[in-house]
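Examining the three-dimensional arrangement
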Amino acid sequence: MNVKELDQTYIASTYKRFPLEITEGKGSLVKDEQGKEYIDLGSGIAVTSFGMADEAWLKAVCGQAARLQHTSNLYYTDPCAKLAEMLCSRTGMKKVFFSNSGAEANECAIKTARKYASDKYGENRFTILTLKNSFHGRTITTLSATGQEHYHELFRPLTPGFAHADAGDLDAVIAQHEKTPLAAVMIECVQGEGGVIPLDPAYVKALSEFAEKNDILLIVDEVQTGNGRTGELFAYMHYGVRPDLVSTAKGLAGGLPLGATLMGEKTANVLGYGDHGSTFGGNPVCCAAALSILSRIDEKLLNEVKEKSRFLFSAFTGAPGIESISGLGLMIGIKTKKAAGEVVAKCMEQGVLCLTAKDKVRLLPALNIPMELLEKAAEIIKAVCAE
Ligand SMILES: *Cc1c(COP(=O)(O)O)cnc(C)c1O
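Counting of residues starts from 1 at the beginning of each chain's written sequence and follows it residue by residue. A pLDDT threshold of at least 70 governs which residues receive local features in this predicted model, and a stricter bar of 80 or more applies before side-chain atom pairs are shown or counted, although totals over entire chains, interfaces and linings include all residues. Each side-chain value is worked out from all heavy atoms of the structure, with water and hydrogens disregarded.

This brings us to the nonpolar core. With 85 residues, the main nonpolar core has L41, L87 and V173 as its most contacted residues. Among all residues touching L87, those that are not within four sequence positions of it are V96, F98, F234, L252, A260, L262 and L294. Grouped together as the second largest cluster of nonpolar side chains are 17 residues, I128, L245, M263 and L271 included. Nonpolar cores were defined as sets of buried Ala, Val, Leu, Ile, Met, Phe, Trp, Tyr and Cys residues, with membership established by side-chain atoms within 4.5 Å. With a 1.4 Å probe rolled over the protein chains alone, any residue whose accessible area is under 20% of its type maximum counts as buried; one over 50% counts as exposed, and the rest are partly exposed. The contact criterion used throughout is that any non-hydrogen atoms of two residues lie within 4.5 Å.

So this is what it looks like as structure tokens:
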């Protein structure tokens, strides 16, 4: 059997894969099994922040793997401690818990919020409000947090203690808090899986003020938006708010599994010995990878992300076959006249890999994608949309 047949026979049928086997890549170019080259505008869903086999990343990863690949959290290791320090010094947050994925980073934030609220207000204050059309992960608890019915249907009973409100509707949050007191509100500043929709800054500001006044924790899910993706280190920095908990994962280690939950002043000391843990979390190879990535997400790189974002907005705005463009930084959603799936399939034939999010074509290129490649890919997408 070839790879596609083996996969279809032996891998659980949860993924509808594109008809493409990727065998290798360098930077923002990847190759299939026939040797055909593609410009990668998906980055493994916002994961390969600096593209494939980036030289500095590779050196950090291979160097660390050659010294020490895993110790468990029973011992101190250098990459994990240094990464936590870097995350805190760049955000003003106070402590970090490391895990392996976005869902786990959110689980930690949820556990921390529940413990904070029950320590302070007793066992009845546990409800966490999230937004409709949000996405927070696939574990039973994070899918309960996710504000989209169709993720819930097959898996009841869900974890209790979640409420959902429409994005932009502060009154609904206030009403919910009066009905059952809230422990926390959790938002994505740009709803990613929901269709690349940035939240309204005035709403986020007002929500944050209401939360702070009522000692409701503000959790920002930066799993997709974090680590430079939107043109700031974290998307909440565009909004001028100070979260109590920030979860991140996807692009953090540039292609290795690493989740992080950042804790602010109020939440830094909520979890104590034995309250939470992870066997792999904070793995030295993943942390060394993340140190290499984060240390290069500086002002200069963030300005380049913003510049490439402006280029994409101006390239697609008003172009034939394109209805609208949304997003922030290099997290872009394009509403096309043709069905998004059809655009993505045609772009693939033409050597450009794009994603979808709901009814949009979604672009999440590497943060350092060369301008020439981005221009070339944008031309191909435009031509496909204009057909
Ligand atoms: C991808 C994603 C998650 C889940 O991350 P996993 O690593 O797949 O568990 C959670 N929240 C948001 C906003 C995401 O985009």
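From this point, things continue past the structure.
The next subject is the sheet that holds strand β13 (residues 322-328). A strand pair is defined by DSSP finding two or more bridges across the two strands. Note on conventions: DSSP H or I runs of at least 4 residues are helices, E runs of at least 2 residues are strands, and numbering of each starts at the N terminus. The antiparallel open sheet is built from four strands, whose spatial order is β13-β14-β17-β16. With one partner strand each, in any of the chains shown, β13 and β16 (355-357) form the two edges of the open sheet. Geometrically, the sheet is characterised by an average inter-axis angle of 30° between neighbouring strands, direction not taken into account. Where helices are involved, their axes are fitted lines through C-alpha atoms of the stretch in contact, as for all axes, and angles between N-to-C directions lie from 0 to 180°. Here helix α12 (residues 299-316) sits on the sheet in contact with β13, β14 (331-336) and β17 (360-363), set at roughly 165° to β13.

For each domain, the first and last residues come from an automatic or database assignment. Here the domain parsing of the protein yields domain 1 (3-53 + 299-386) and domain 2 (68-295). Distance between the C-alpha centres of domain 1 and domain 2: 26 Å. Facing 26 residues of domain 1, the contacting portion of domain 2 comprises 26 residues. Throughout, buried area stands for the accessible area (probe radius 1.4 Å) lost by two parts on being put together, summed over both. Between domain 1 and domain 2, a total of about 2100 Å² is buried, with carbon and sulfur atoms accounting for 61% of that surface. Taken as a group, L328, M331 and K358 account for 31% of the area that domain 1 buries against domain 2, more than any other trio of residues on that side. By definition here, a salt bridge exists when the distance from a side-chain nitrogen of Lys or Arg to a carboxyl oxygen of Asp or Glu is within 4 Å. For the salt bridge of K306 with E232, the shortest nitrogen-to-oxygen distance reads 3.2 Å.

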